[in-house]
Structure formats: C-alpha cells, structure tokens
Amino acid sequence: MTDLMNLTGQVALVTGASRGIGKAIAQQLVARGVTVIGTATTASGAEAISAYLGEQGEGYALNVTDPDSITAVLQYIDEKYGQLDILVNNAGITRDNLLMRMKDDEWNSVMDTNLTSVYRLCKGVMRGMMKRRQGRIINISSVVGTTGNPGQTNYCAAKAGLVGFTKALAKEIAARGITVNCVAPGFIDTDMTKALTDDQKQAIFTNIPAARLGQPEEIAAAVVFLASPGAAYITGETIHVNGGMAMV
Amino acid sequence: MSTIEERVKKIIVEQLGVKEEEVKPEASFENDLGADSLDIVELVMALEEEFDTEIPDEEAEKIRTVEAAIEYVKSHSGE
C-alpha cells in the first residue's frame, strides 16, 4: 500500500509564514519533503523565511490584498517549480473593535486580507490544479467564525465566510481531484494571542477543557493531514483544533 | 497538418469523453454532449492552449456548440 502520508516532491504555497501557525505549517511540510514557498508582507520577513526553510523552500514578499502581487507570486512558482500541489491560505490579521466603534477601514482591511485574498489565490491556482487533476487547498479559519467573539465582528465574519467559501468551491471541483478544507484553530500560543491580558487568558481557559493554549504545531499537523494522500476523500470539511472549547 | 476544424473536434472528444461521430457542428455541449458548466470552462482552457490564444470571459460564454467553437477559433487565428 502506498504511504498515505507521503508528500515528497510536492510544492506548497503557505501565506503568512513568517511566524506563528504559518511558520509551523511551512516547517512541517518541509520536514515531509515538500518544497515550500512561504510568504510574508515584507522583504525582511521573506528573508527570514528563506533562512529557516533552508534548501527546500524560500520566502517571498507578498501583499495578499494586491491582485498584481498574487499574479506575480503564482507566475514565479509556475516558472521556477512548474507545479503547485498545496495552497495553504493562512495569512490573517485582526482589527478588533466593538461594532458600534468599528471603522470602515477596520472592517475592510480584515475582509481584504482574510477573505478576499483567499478568493484571489484560489482562483489563481485553479487552472493548474484542474489540468493536473490534483490539488489541496487548506484555508485557516478560526473557532470564533463558529462561536462568535465580542469585538471581532469583522474577523468572525471573514472566518465564517471562509467556511462557506470552502464548501462551495469544494463542490465545484471535487470531481477534478482537488479538495478544499478548513482548519479552525482555537486559542493558539502565537503573537496574536500574546496580546491578550492574563485576566483574558484565565477567562478563556475556563472554557477550554484542555486547560491550555494550543501550540502552532498542533494546527500544522491537521494541515499536513489534509494535504496528504490519505485525506483525498475529505472535502468541504472544517477540522476544529481547539482543545475542546467548541465541539461542532 | 490538421485543419482547425479537426483540431477543435479532437479537443472536444478528449475533454468531454464523447465519440467523434457525436461531435456534429450543431451539437450543444450542454444538451447533446453531456457537459456541465465546469466541463465547458475546461474545454475553453484547452482551446486556449491548443491555439495559443486567450478567450475573454464574455466570448467564452457564447461558445456553446461545436460550430461556435470552430467559428471562434477560425475568426481569431491568423490562419
């Protein structure tokens, strides 16, 4: 039987790979023999990615809200590697505010970065994946897209939007051997959650049966599984990785 | 060297998995050849590659029959 976790020789694009969950995903993919192009918003971020990926990948400065920048990175991958097997849409931002105080630019920037970018990147990789009858798209959603969270109407809307987008696209292209899934992290130990106060953390822990933050590697493991040959029959699904805080 | 007509028909046979004799000029991809909307998108992609051209979306939407595909390629290639 073929190794159902074998990813050797594949090529992956991981957005938002300079730190946190994206970095852990890029590292685990590389460890499994995947060539990874990891993106960051700045040139120095891209250099840092190149440094930690080593021989088997590289960083690339990508602005996911700029359609031309997306076209450029996909063209670069096509010319240099000739294939793209795995797309991990991980780049995301928060601009928290109560709805009554939320500004249009806070709403729009979260939508552009967390949702519209996924539409653009998926559209961009579609032709190649359709032709090769092979592809894995994994979108990083969030537990709060399902549960809601005060102060995050924009972020929750975008993350829930990803789930609907994922289901619709999964149905469109399932017959072409391409799967589209989400991983929805709970509270993970990253810079995004380091911004929380100790009181906020304690309040959150009372709702997490596992009584701890998750590690980025625990999200990456779910992503690697969805990318693997063994997950070929899973599509349109959301895997929740949250220590039990929300069971869907 | 095959004619444009032969090349277009060959692509239709390959993409839609139909028999050559079914690919009549008046045949509709959707109604006669069993194609769904995504099949037609892929067919247009294949035509673009075969004839090294880009078919704009609004033109692609009009390509619904074998004849329309052949006519489009004929009127947009230098041959």
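As the structure is a computational prediction, the values presented were derived from the model and not from experiment. (Residues numbered from 1 in each chain as written. Chains lettered and ligands numbered in written order. Predicted model: local features only at pLDDT ≥ 70, side-chain atom pairs only at ≥ 80, totals over all residues. Heavy atoms only, no water.)

**Student:** An account of the interface of chain B and chain A is needed here, citing residue identities and associated values.
**Tutor:** Across the contact, 7 residues belong to chain B and 7 residues belong to chain A. For the pair chain B and chain A, the summed buried surface comes to about 660 Å²; carbon and sulfur atoms form 45% of the total. Summed over the three residues of chain B that lose the most area to chain A, namely B:L38, B:E42 and B:M45, the buried surface amounts to 68% of that side. Where chain B touches chain A, the interface holds 6 salt bridges. The residue B:D39 makes a salt bridge to A:R176 at a minimum N-O spacing of 2.7 Å. Across the contact surface, chain B and chain A share 6 residue pairs in polar contact (both at pLDDT 80 or more). Classifying every residue of the side of chain B that touches chain A gives 2 nonpolar, no polar and 5 charged. (Contact = heavy atoms within 4.5 Å. Buried area = accessible area lost by both parts, 1.4 Å probe. Salt bridge = Lys/Arg side-chain N within 4 Å of Asp/Glu carboxyl O. Polar contact = N/O pair within 3.5 Å; in protein donor to acceptor, adjacent residues only side chain to side chain. Nonpolar A, V, L, I, M, F, W, Y, C, P; charged D, E, K, R; others polar.)

**Student:** How would you explain the UniProt feature "domain: Carrier" (unreviewed entry) in chain B if you had to name every residue and give the values?
**Tutor:** The positions that UniProt labels "domain: Carrier" (unreviewed entry) are, in the present scheme, residues 2-77 of chain B. The straight-line gap between the two end C-alpha atoms of residues 2-77 of chain B is 14 Å; of that span, 55% is helix and 0% is strand. (UniProt positions renumbered as here; feature names shortened; annotations may be inferred. Helix = DSSP H or I, 4+ residues; strand = E, 2+ residues; numbered from the N terminus.)

**Student:** Let's hear about the environment of B:I55: which residues, and what values?
**Tutor:** Residues and elements named next belong to chain B. Along the polypeptide, I55 turns up in the loop between α2 (37-50) and α3 (57-60). The spacing of I55 and H76 is 21 residues in sequence and 9.3 Å in space, taken between C-alpha atoms. Apart from the residues within four sequence positions on either side, I55 is in contact with V44, L47, E48, A60, I63 and Y72.

**Student:** How would you summarise the packing of aromatic side chains if you had to cite specific residues and measurements?
**Tutor:** Counted by the stated rule, this structure contains 1 aromatic pair over all chains. Here A:K23 stacks its cationic end above the ring of A:Y52, 5.1 Å away from the centre of that ring. (Phe/Tyr/Trp six-rings, centres within 6.5 Å; stacked < 30°, edge-to-face > 60°. Lys NZ or Arg CZ within 6 Å of the ring centre and 35° of its normal.)

**Student:** Before we move on, could you go through the sheet that holds strand β1 (residues 11-14) of chain A and cite the residues and values that matter?
**Tutor:** Residues and elements named next belong to chain A. Spatially, 7 strands are ordered β3-β2-β1-β4-β5-β6-β7 in an open sheet, and the strand pairing comes out parallel. The open sheet has two free edges, formed respectively by β3 (57-61) and β7 (238-241), since each of these has just one partner strand. Mean inter-strand twist for the sheet, computed between neighbouring axes without regard to direction, equals 15°. Packed on one face of the sheet, helix α3 (residues 67-81) meets β1, β2 (35-40) and β3 and runs near 155° to β3. (Pairing = 2+ DSSP bridges. Axes fitted to C-alpha atoms, helices over the stretch in contact; angles between N-to-C directions.)

**Student:** How would you explain the environment of A:T190 if you had to name every residue and give the values?
**Tutor:** All names here are of chain A. Inspection of the secondary structure assignment puts T190 in the loop between β6 (178-185) and α7 (191-194). Assessed through its relative accessible area of 11%, T190 is described here as buried. With residues up to four places along the chain from it excluded, the contact list for T190 reads G20, I21 and P216. (Buried < 20%, exposed > 50% of the residue type's maximum accessible area, 1.4 Å probe, protein only.)

**Student:** Tell me about the environment of A:V88, residues and numbers included.
**Tutor:** Residue and element names in this part refer to chain A. Take V88: it is sitting in strand β4 (residues 86-89). Overall, V88 belongs to the buried group, its relative accessible area being 0%. Separated by 58 residues in sequence, V88 and T146 place their C-alpha atoms 20 Å apart. Sequence-distant contacts of V88, defined by excluding residues within four places in its chain, comprise L13, V14, T15, I25, I138, I140 and V223.

**Student:** Let's hear about empty space enclosed by the protein: which residues, and what values?
**Tutor:** All told, the structure shown has 2 cavities of 30 Å³ or more when counted by the stated rule. By volume, the largest cavity amounts to about 50 Å³. As for the largest cavity, its lining consists of 13 residues, and the residues nearest its centre are A:N89, A:N90, A:A91, A:S117 and A:V118. Those elements that provide at least two residues to the lining of the largest cavity are α4 (104-132) and α6 (153-173) of chain A. Estimated volume of the second largest cavity: approximately 40 Å³. The wall of the second largest cavity is formed by B:F51, B:T53, B:Y72, B:V73, B:H76 and B:S77. In terms of residue class, the lining of the second largest cavity is made up of 3 nonpolar, 3 polar and no charged. (1 Å grid on protein atoms, 1.4 Å probe; cavity = no way out; pocket = protein on both sides within 12 Å on 5 of 7 lines; lining within 4 Å. Points joined across faces, edges and corners; volume = space filled by probe spheres on them.)

**Student:** An account of the packing of α4(A) against α2(B) is requested, with residue identities and associated values reported.
**Tutor:** Closest axis-to-axis distance for the α4(A)/α2(B) pair is 11 Å, and the angle between their directions is 95°. In terms of their interaxial angle, α4(A) and α2(B) are classed as roughly perpendicular. Here A:R127, A:M130 and A:K131 of α4(A) lie close against α2(B), whose contacting residues are B:L38, B:E42, B:M45, B:E48 and B:E49. Grouping the constituent residues of the contact of α4(A) with α2(B) by class yields 3 nonpolar, no polar and 5 charged. (Parallel < 35°, antiparallel > 145°, perpendicular 65-115°, else oblique.)

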